[in-house]
Amino acid sequence: MTAPRIHRHEWERQYESGRWDYLEDQDEIDRYALISQDVRSYRAGSVLDLGCGSGVLYRTLIADGFRGTYLGVDWSLGSLPRCAEHSIHRFVCGDLNRLPVRGTFDAIVLSEVLYYLEDPARTIRELTTMISSEGVLLASIYQPRAGRSSPWLDTVHELDVLLREAGAERREVFSVSRRGRIWAHYALSPKKNLSGSLIPSATGGEQ
Ligand SMILES: C[S@@+](CC[C@H](N)C(=O)[O-])C[C@H]1O[C@@H](n2cnc3c(N)ncnc32)[C@H](O)[C@@H]1O
């Protein structure tokens, strides 16, 4: 992968500085809503959210009526304490490059995190053995503006090939704000796939 690596301590510093506060913006809520909708569609009773950050997906799931079990993993303590009001036992501090979790889950979420892993292919291979028989792996990949940053474009392309070759279904999500962000969402399921975009697209164009 050609995207720049971000060291764990750098993540801590960036959370501290507010660099990632925007992940709670309305733009981002659109894509959390799609993941939440997929969790419902697959009737997932257990969710493993890898690189969960400050737990926005967790809060979205709860607001949408999810009552199953949720486990969030992130290595940045700077993000995790913000989730303490829910239950610290739902969040684990750990490095995804050495998966700190075992067991099977109905939905395994990799939302905006694959770019940062040492070996995304290995991680996806390991995770496919942890999806329950009717379950799904859901990944979200931001689509950078063409020509803006070639290392990111290369990485996004490599991840796209990786996920498609693994059998994932791809949909695009457009944020409804004027910033016009675009993400690709992937659903990789041993048993079934969803079809069609669940979030209506707004205007095109990127920020
Ligand atoms: C861009 S944020 C995405 C947060 C959230 N999943 C979302 O969709 O908004 C990436 C997250 O991945 C975490 N992360 C990056 N590399 C990691 C690793 N090796 N192990 C655990 N977490 C990692 C970071 O700490 C950060 O919280």
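Scroll up for the structure.
Structure report, in brief. (Residues numbered from 1 in each chain as written. Predicted model: local features only at pLDDT ≥ 70, side-chain atom pairs only at ≥ 80, totals over all residues. Heavy atoms only, no water.)

1. Brief notes about the overall build of the protein
Put simply, the rule is: Secondary structure elements follow DSSP: runs of H or I no shorter than four residues count as helices, runs of E no shorter than two count as strands, and numbering proceeds from the N terminus. Relative accessibility under 20% of the residue-type maximum defines a buried residue, over 50% an exposed one, and the middle range a partly exposed one, all with a 1.4 Å probe and only protein chains included. What makes two residues a contact is simply this: any of their non-hydrogen atoms within 4.5 Å. Working definition of accessibility: Shrake-Rupley area with a 1.4 Å probe, residue cover restricted to the visible protein chains.
Within the protein one finds five helices and seven strands. Its helices and strands taken in sequence order, the protein reads α-α-β-α-β-β-β-α-β-α-β-β from the N to the C terminus. Across the 207 residues in the protein, those meeting the buried criterion constitute 50%. In the protein, once contacts between residues fewer than 6 apart in sequence are set aside, the share between residues at least 24 apart is 69%. Accessible surface for the protein amounts to roughly 9600 Å². Of this, 52% is attributable to carbon and sulfur atoms.

2. Focus: unusual backbone geometry
A positive phi is found at R43, a non-glycine position, where the angle reads about 50 degrees. Phi angles above zero are rare outside glycine, and E112 is one such case at about 60 degrees. Tracing the chain through its elements places E112 in the loop between β4 (105-111) and α4 (120-128). Its relative accessible area of 16% is what places E112 among the buried residues.

3. Quick word on the site of the ligand
Rules: Summary of the distance rule: residues count as near a molecule or strand when at least one heavy atom falls within 4 Å of that molecule or strand. The term polar contact refers here to a pair of N or O atoms within 3.5 Å; inside protein, the definition further demands a hydrogen-donor-capable atom paired with an acceptor-capable atom, and it admits residues adjacent in sequence only when both atoms are side-chain atoms. In this classification, the charged set is Asp, Glu, Lys and Arg, the nonpolar set is Ala, Val, Leu, Ile, Met, Phe, Trp, Tyr, Cys and Pro, and all remaining amino acids, among them Gly, are polar.
The full set close to the ligand counts 20 residues, and Y15, Y32, G51, D74 and S111 are the nearest of them. Take D95: an N or O atom from its side chain is 2.9 Å from a nitrogen atom of the ligand. Here the ligand, which alone exposes 600 Å², has 98% of that area covered by the protein. Looking at the shell around the ligand, the elements with two or more residues in it are α1 (8-17) and α2 (26-41). A per-class count over the shell around the ligand returns 10 nonpolar, six polar and four charged.

4. Describing the packing of aromatic side chains
Short version of the rule: Ring pairs are drawn from Phe, Tyr and Trp, using the six-membered ring of Trp, whenever the two centres fall within 6.5 Å, and their geometry is named by plane angle: stacked under 30 degrees, edge-to-face over 60, tilted for the rest. Whether a charge lies above a ring is judged from NZ of Lys or CZ of Arg, which has to be within 6 Å of the ring centre and within 35 degrees of the ring normal.
Under the counting rule described, the total for this entry stands at 10 aromatic pairs. Three or more aromatic residues joined by ring pairs form one cluster here, namely W11, Y15, W20, Y115, Y116 and W152. Looking at R19, its charged tip hangs above the ring of W20, at a distance of 4.2 Å from the centre. Directly above the ring of Y32 sits R31, whose terminal nitrogen or CZ lies 4.6 Å from the centroid.

5. A word on the packing of α4 against helix α5 (residues 150-165)
For clarity, the threshold we go by: Angles here are taken between N-to-C directions and fall from 0 to 180 degrees, while the axes themselves are lines fitted to C-alpha atoms, restricted in helices to the stretch in contact. For this classification, under 35 degrees means roughly parallel, over 145 means roughly antiparallel, 65 to 115 means roughly perpendicular, and everything else is oblique. Two helices cross in a left-handed way if the nearer one is turned anticlockwise from the farther one by less than a right angle. They cross in a right-handed way if the turn is clockwise.
One way to put it is that α4 packs onto α5 with a least axis distance of 11 Å and a crossing angle of 25 degrees. With respect to their mutual orientation, α4 and α5 come out roughly parallel. The element α4 and its partner α5 pack so that their crossing is right-handed. Counted together, P120, A121 and I124 of α4 and L159, L162 and L163 of α5 form the full contact between these two elements.

6. Some remarks on the pairing of strand β1 (residues 46-50)
Within a regular strand, the side chains alternate between the two sheet faces. Stated formally: Here, any two strands with at least 2 DSSP bridges between them count as paired. The definition of a right-handed crossover adopted here requires that, viewed with the strands pointing away, the path from the first strand over the helix to the second runs clockwise.
With five of five residues buried, β1 is to be regarded as a mostly interior element. Going residue by residue along β1, you find S46, L48 and L50 tucked away on one face and V47 and D49 tucked away on the opposite face as well. Pairing geometry for β1 and strand β2 (residues 69-74), over five bridges, is parallel. What sits directly across from L48, in β2, is L71. With helix α3 (residues 56-63) bridging β1 and the parallel β2, this β-α-β connection has right-handed handedness. Direction of pairing for β1 relative to β4: parallel, over a ladder of four bridges.

That's the geometry; what it means functionally is another story.
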